[in-house]
Every structure is written in C-alpha cells, then in structure tokens.
Amino acid sequence: MDFGTQRRMMVERQLVQRGISDERVLKAMLKVPRHLFVREEDLYRAYDDMALPIGEGQTISQPYMVAKMTELLELKGDERVLEVGTGSGYQAAVLAELAREVYTIERIPSLAERAEEILRELGYENVKVFVGDGTKGLPEYAPFERIIITAGAPEIPRPLKEQLSDGGIIVAPVGSKYSQQLVKLVKRDEDFIESYHTLCLFVPLVGEYGWKDE
Ligand code: SAH
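Our subject in this report is the structure included herewith. Small disclaimer: the values here were computed from a predicted structure and weren't measured.

Here we look at the environment of Ser195
- Of note, Ser195 is situated in strand 9 (residues 191–200).
- Placed 13 residues apart in sequence, Ser195 and Leu182 show a C-alpha to C-alpha distance of 8.5 Å.
- What Ser195 contacts, discounting residues up to four positions off in sequence, is Leu182, Val183 and Lys184.
- Only 2.8 Å separates the side chain of Ser195 from the side chain of His197, close enough to count as a polar contact.

Structure follows, in structure tokens:
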C-alpha cells in the first residue's frame, strides 16, 4: 500500500474514529509525510498506531497523541508556537501547517540536526530548530501564544508559564516517569485554568525545571 493510502487510513481509523474532529488538524495529519520522520528500518510501520524509536533512546509520538495535543492547542493560523522536545520534527511539521511560526527546542544535538534537515527538505520555512534545555523556554523570543511540551514533565516548568501570552494555551503530559496525563492550561490575567485529558506515556523531560536525570 502506498504511503498516501496508509496516511488516509491512519487519519480515519486512529483519529476520526477516536474523536479527533478539528478539520484543520485532520487535514494537516493527512498532509505531513510521517514516513520521512522515522528510521528506514521502521518505514513499514511508519503509519502504525504507536510511537516508534528515533535513536538516542527517544521516540516519535503515536499519531493519535500528536493529533490530540494539536487539537487541544486550538490553532487558528496566526500563532507563534513553542515546542519543547523536537525529537524527529514530526510534531513541529504538523504545527507548521497550522500556525504562523514554530520555535522548537531539542536537548540532543544529533536529533535536532536531523529534524532541521528534514524540515528544510520539506520546505517548512516557518520552523526554527534550537538545541538546548527547553524547560527554560526561549526568553529571547517570548511571549508565545501556544506552548506544547512533548516529553513527560513532573510539572509544567515555571519559565514556560511565564513565557506564555495572556489568553495563551499550554499542552503537556504531566505525571510520573511511567505514566502521565495531558494537561491543558489556559492563561487568564496571570491565572491558569486547568483541564485534564488523555492518559499517556512519553519519554522524560530532562532539564533544570524537569526531571534531573534520565
Ligand atoms: N515531538 C517529537 C517527540 C519527541 S520525544 C516528535 O514529533 O518526534 C521527546 C523529545 O524531547 C526527545 O527527543 C528528548 O530528547 C526531548 N527532550 C527531553 N527533555 C528536553 C528538554 N529539557 N529540552 C528539549 N528537549 C527535551
């Protein structure tokens, strides 16, 4: 089966049937070639319903989790988004389809380099890749209208809450190292309205305001 057909099946069975309904998110997931973000030996399962290894002990998230987090961000198209945990760059590409600018930061240089290369090849000129500890955010580019953390956090790092603009949204997996829940924060006059969503399992967010070790 060709990749386009696999992608259509992924969207129908893994996303639509599980309740993802934001048409813009579905369209972006139909468009971004996920198979170009996985390792060659995983091409045969690039569109399977699972996270996959990308090297360095890290993973590209399950398609459903990418769609769910993106839907929770409520992107309209003119936002500046910060992503913490670039990994393969796949989530960044989906965000780039839906927002004005994407700033994505990865702590492992080899992953950041590979992600930047593929994003450039695909023509995503509205994505900037940074290497560093994303738990500190990117103060020189703040504030951001949206922030997404794609690694499991013990709590939402304080610098990221500070770098969110008023009315902005943060989505992150929060919990222990072995299980988390998607948390959505909406900032209103220095207050945060919290809601809780899907249970999930992400690799740990490692850094000054995250886990101290892997
Ligand atoms: N969004 C990614 C999923 C990446 S998995 C994708 O679509 O493929 C989580 C990534 O977060 C890993 O690559 C890991 O190295 C990175 N990470 C963990 N702690 C980090 C930190 N403090 N700052 C930046 N990246 C971090």
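Don't stop here, the text continues.
Quick notes on the pattern of salt bridges
- Per the stated rule, a full pass over the model turns up 14 salt bridges.
- Members of the salt-bridge network, linked through shared partners, are Arg39, Glu41, Asp42 and Arg45.

Looking at unusual backbone geometry
- Cis geometry marks the peptide bond from Ala142 to Pro143; its omega dihedral reads 0 degrees.
- Mapped onto the elements of the fold, Pro143 is located in the loop between strand 5 (127–131) and strand 6 (144–149).
- With a phi close to 60 degrees, Glu56 is a non-glycine residue in the positive phi region.
- Note that Glu56 resides in the loop between strand 1 (52–55) and strand 2 (58–60).
- One non-glycine residue with positive phi stands out, namely Glu74, at about 50 degrees.
- As for its placement among the helices and strands, Glu74 is situated in the loop between helix 3 (63–72) and strand 3 (80–84).

Reading guide: rules and limits
Residues numbered from 1 in each chain as written. Predicted model: local features only at pLDDT ≥ 70, side-chain atom pairs only at ≥ 80, totals over all residues. Heavy atoms only, no water. Helix = DSSP H or I, 4+ residues; strand = E, 2+ residues; numbered from the N terminus. Contact = heavy atoms within 4.5 Å. Polar contact = N/O pair within 3.5 Å; in protein donor to acceptor, adjacent residues only side chain to side chain. Salt bridge = Lys/Arg side-chain N within 4 Å of Asp/Glu carboxyl O.

None of this, on its own, says anything about what the molecule does.
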